[in-house]
Amino acid sequence: GSGFRVAAAAAIFPVLRGRWPRPVVRVWFTGARAMSGAAKQLYDKLNEMGIKYEEITHEPVMTVAAQAEFVKHLPGATVKNLFLKDKKKQRYLITACVDSKTPMNAIEGAVGAKGLRMADDLEEHLGVKPGSVTPFAAMNIKDEAVKVCLDARIKGFEYVNAHPLHNEATTTVLTSDLLKFLESYGHKVTWIDGLAKDDGSSAAPQPKAKAAAEPKAKAKAKAKAAAKADGNEDTKGITIKKQDNFAEWYTQVIVRSEMIEYYEVSGCYILRPWAFFVWEQIQEWFDGEIKKLGVENAYFPLFVSKRALETEKDHVEGFSPEVAWVTRYGTSEMAEPVAIRPTSETIMYPAFAKWIRSHRDLPLKLNQWTSVVRWEFKQPTPFIRTREFLWQEGHTAHATDKECEEMVFKILDLYAAIYEDMLAVPMTKGIKSEKEKFAGGKMTTTIEGFIPTNGRAIQAATSHHLGQNFSKMFGIEFETEKHEKEFAHQASWGFTTRSIGVMIMTHADDKGLVMPPRVSPTQVVLIPLPFKDQPLDNMVNKCDEIFAALKDKGLRCEVDDRNNYTPGWKYNYWELKGVPLRIEVGPKDLEKGAARVVRRDTGASENIPFGELDTKIPALLDTVQKDMLARAKANYDEGIEKVTEWKDVMPALNRRHLVLVPWCETVESEEEMKKETGKEVPEDVVANDEEEGGAPALSGSMKCLCIPLEQPEMPAGTKCIWTGKPALRWALFGRSY
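The residue numbering used here restarts from 1 in each chain and proceeds along that chain's sequence as written. Only residues with pLDDT of at least 70 are given local features in this predicted model, and only at 80 or more are side-chain atom pairs given and counted; all residues enter the totals for whole chains, interfaces and linings. Hydrogens and water molecules were not included; the side-chain quantities draw on all heavy atoms of the structure.

A word on the overall build of the chain. Runs of H or I in DSSP of at least four residues are treated as helices and runs of E of at least two as strands, each being numbered from the N terminus. When its secondary structure is counted, the chain shows 20 helices and 35 strands. Note on classification: 1.4 Å probe, protein chains only; a residue is buried when its accessible area is under 20% of the maximum for its type, exposed when over 50%, partly exposed between these limits. Within the span of the chain, comprising 737 residues, buried residues form 52% of the whole. Summarising the internal contacts of the chain: among those between residues at least 6 apart in sequence, 69% fall at separations of at least 24. The protein chains shown are the only cover counted for residues, whose accessible areas, like all others here, come from Shrake-Rupley with a 1.4 Å probe. Here the chain displays about 34,300 Å² of accessible surface, and carbon together with sulfur accounts for 50% of that area. In what follows, a contact means two residues having at least one pair of non-hydrogen atoms within 4.5 Å.

Here it is in structure tokens:
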């Protein structure tokens, strides 16, 4: 009744007899299959076409090297896949035998493209996550923006083994059936000739003559270089450079540093302890600060009724595309659907209306630490754009507009302090334009960050002045001292785990995370260094002694005395984790009475006497924190160009910069500028084209990020950069997440 059965492999494809490994599950699917997840649509299509397939399940794998352990006994061609784009924005889904060499120049010649590089929008075009690219993803391609290309060597194999749209299984089909499948979606396959077999690959072993002896070190280096060239390097380190492919680099950093684990529901992620600690530090500090302002914590329900959500028309229109609805429980339909909160105004304010009757009930200041769900349709990015995220949301009600506005700006200052003082990330404080302000609100204040590597701004946190709009809708009114009825003035403000992603994008490098000391789970790691036959105990004991002294100073330390890893491996591991300081203690250090201290942010090192570590290490951590902010601030400032003529806007954007422009602040002009800058970037416009790893200029519209609170002097008679009308203020525009 379930639609599938476990079967002996030989019953399906006779040639497979006796070749399947024991540790995996073998399932033959025929007819309808009860399944959830990414593979259902694929298997439904295969069943519809009468294509037989065999699936083995295994643990999630991010590389073909990791996959090889589970599929090495399969016959046919196990494949690797690349998702590339060229200078003309044409994208290519490349599927090659796992043991084929795939240098970019060979692929460029075969497909007739120039400037191929990794594309960072595979989920948008292929509907799969990193690590799950597969020729089966061709079913999700919606237009001709992606060409499907196959290694000609695949023709020589009867079967093809590929992921079924996720990386926790491998599916086998006849090669002829794969071609039939691709053709059913209108794809004309481009065959890539001339990809040579890499005889040094271990992913698809073949019987071969014994090679001549080769020096061990030389052979190891050659194998590593070959694996790296093909993108199959099996390593815990970062293999993608930040400047070469920012999106893939970011994915590697957050996964390999153990910040994030991917989850089976798209757009939702597991925050591992290394990430959650950062959120705890933010929570602890901010919670203490808002309590000084008289804010109390509370908790309101997760669900909101349709009636309540639709009370404020502008508000619900702003969120309606992202609202997730619960429509059934078990097998029964709900009498009335309920929404999962995208924010809590419509949940909290009916209660406010009950609690507030007199001016003596004001101000009412509440905050809750919770999660919200916004069913984003854009490409999810861990921390930055997710369907569920953690946040705090504060809601206050005041007797006067002035008191409410003061609260809004006090919270904005606290948000900026989290980024700058804790995360070492600079911010611009400002006010959102009329078009970009919170739906249904009077005024939205914001702090805006900037990622220099890809030239994109990012809204870091917002504090909203709601005016009396919501109090009128929900009947939140009070009796004044003069016995008159008046509606309350309200504010709402929120800060999310997006902050962790901004921190990572700002500071991390090609080795991994670079953690600001104030939020790093471990601030100092101590590594005892073995030397020849000398006992390690002496070094470990000294590390333990230093550990105790630093812990007494309130520092978060760890001694890595694992004896199954080399010091070099430990250095790389803790650099990947971003620990601010490393202290090394070896036999020579014991003799000198000083330890070697290495900074993660700069790589600089110095020898510090053992007796001075408990005073100099805390001071050095403070220096690291300040230096990280100073470097980030310099990069931020360098990325903002003051522009007064429209002709200079696009060149600045294509240099991956933001623009500070004089503006008349009309909604119409903002919409027109957004439309104009959203036009296709010319093919020959390249950012950093003289640098190694230079990439095409970013496409995408610019929008108003904010009107900065700190305004440069505006000369009399300055005109709006777009309309030519008198400019009101300087405004910060740019491409944004």
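Time to look at the sheet that holds strand S26 (residues 557-559). For two strands to be treated as a pair, DSSP must find no fewer than two bridges joining them. Reading across from one edge, S26-S25-S27-S28-S29 is the order of the five strands in this open sheet, with mixed pairing throughout. At either margin of the open sheet sits one strand with a lone partner, and together these are S26 and strand S29 (605-609). Averaged over all adjacent pairs, the angle separating strand axes in this sheet is 25 degrees, with direction ignored. Note: strand S25 (residues 524-528) against strand S27 (residues 581-585), five bridges, orientation parallel. Each residue of the ladder has a partner; that of valine 525, found in S27, is arginine 582. Every axis in this analysis is a line fitted to C-alpha atoms, fitted for helices over the stretch in contact. Angles between the N-to-C directions lie between 0 and 180 degrees. Each of S25, S26 and S27 is contacted by helix H16 (residues 567-577), which is oriented at about 175 degrees to S25, the strand it contacts most.

Here a Phe, Tyr or Trp ring, Trp counted by its six-membered ring, pairs with any other such ring whose centre lies within 6.5 Å, and the pair is stacked when the planes are under 30 degrees apart, edge-to-face when over 60, and tilted otherwise. Tallied over the entire structure, the rule returns 24 aromatic pairs. Here phenylalanine 136 and phenylalanine 181 contribute two aromatic rings whose centre-to-centre distance is 5.6 Å and whose plane-to-plane angle is 80 degrees, an arrangement assigned as edge-to-face. Of this pair, phenylalanine 136 sits in the loop between helix H4 (122-126) and strand S7 (146-151) while phenylalanine 181 sits in helix H5 (residues 175-184), and the two are 45 residues apart along the sequence. By the burial criterion, phenylalanine 136 is buried, and phenylalanine 181 matches it. Pairing tyrosine 349 with phenylalanine 470 gives two aromatic rings, centres 5.8 Å apart and planes at 75 degrees, and the pair type is edge-to-face. Taken together, the residues span a long stretch of sequence, with tyrosine 349 in helix H11 (residues 345-355) and phenylalanine 470 in helix H13 (residues 469-474) at a distance of 121 residues.

When a carboxyl oxygen of Asp or Glu is within 4 Å of a side-chain nitrogen of Lys or Arg, the pair counts as a salt bridge. According to the stated counting rule, one finds 29 salt bridges in the structure shown. Across the pair lysine 577 and glutamate 258 runs a salt bridge, and its minimum N-O distance is 2.9 Å. With lysine 577 in helix H16 and glutamate 258 in the loop between helix H7 (246-256) and strand S11 (260-262), this pair connects stretches of sequence that are 319 residues apart. Measuring nitrogen to oxygen at the nearest pair gives 3.5 Å for the salt bridge that ties glutamate 575 to arginine 582. Since its relative accessible area comes to 9%, arginine 582 is described here as buried. One network of salt bridges, in which partners are shared, links Glu575, Arg582, Glu584 and Arg596.

A few words on the nonpolar core. Side-chain atoms within 4.5 Å are what join buried Ala, Val, Leu, Ile, Met, Phe, Trp, Tyr and Cys residues into a set we call a nonpolar core. Ranked by size, the top nonpolar core spans 58 residues in total, and within it Met259 and Ile504 carry the most contacts. Top element by residues in this core is helix H12 (residues 401-422). It accounts for 11 residues. With 33 residues, the next largest nonpolar core counts Phe136, Ile154, Ala162 and Leu178 among its residues.

Across the sheet, which stays open at both edges, the three strands sit in the order S14-S16-S15 with antiparallel pairing between neighbours. At either margin of the open sheet sits one strand with a lone partner, and together these are strand S14 (303-305) and strand S15 (324-329). For this sheet, the mean inter-axis angle between neighbouring strands, taken without regard to orientation, is 50 degrees. Two elements, S15 and strand S16 (residues 332-340), share five bridges in a ladder whose sense is antiparallel.

Following leucine 362, the chain continues into proline 363 via a peptide bond in cis, with omega recorded as -5 degrees. Residue placement: proline 363 occurs in the loop between H11 and strand S17 (364-373). In this structure, lysine 89 is a non-glycine residue whose phi angle is positive, near 70 degrees. Topologically, lysine 89 is positioned in the loop between strand S4 (77-85) and strand S5 (91-97). Notably, phenylalanine 383 is not glycine yet its phi reads approximately 75 degrees, a positive angle. Assessed through its relative accessible area of 6%, phenylalanine 383 is described here as buried.

Bear in mind that shape data such as this cannot, by itself, settle questions of function.
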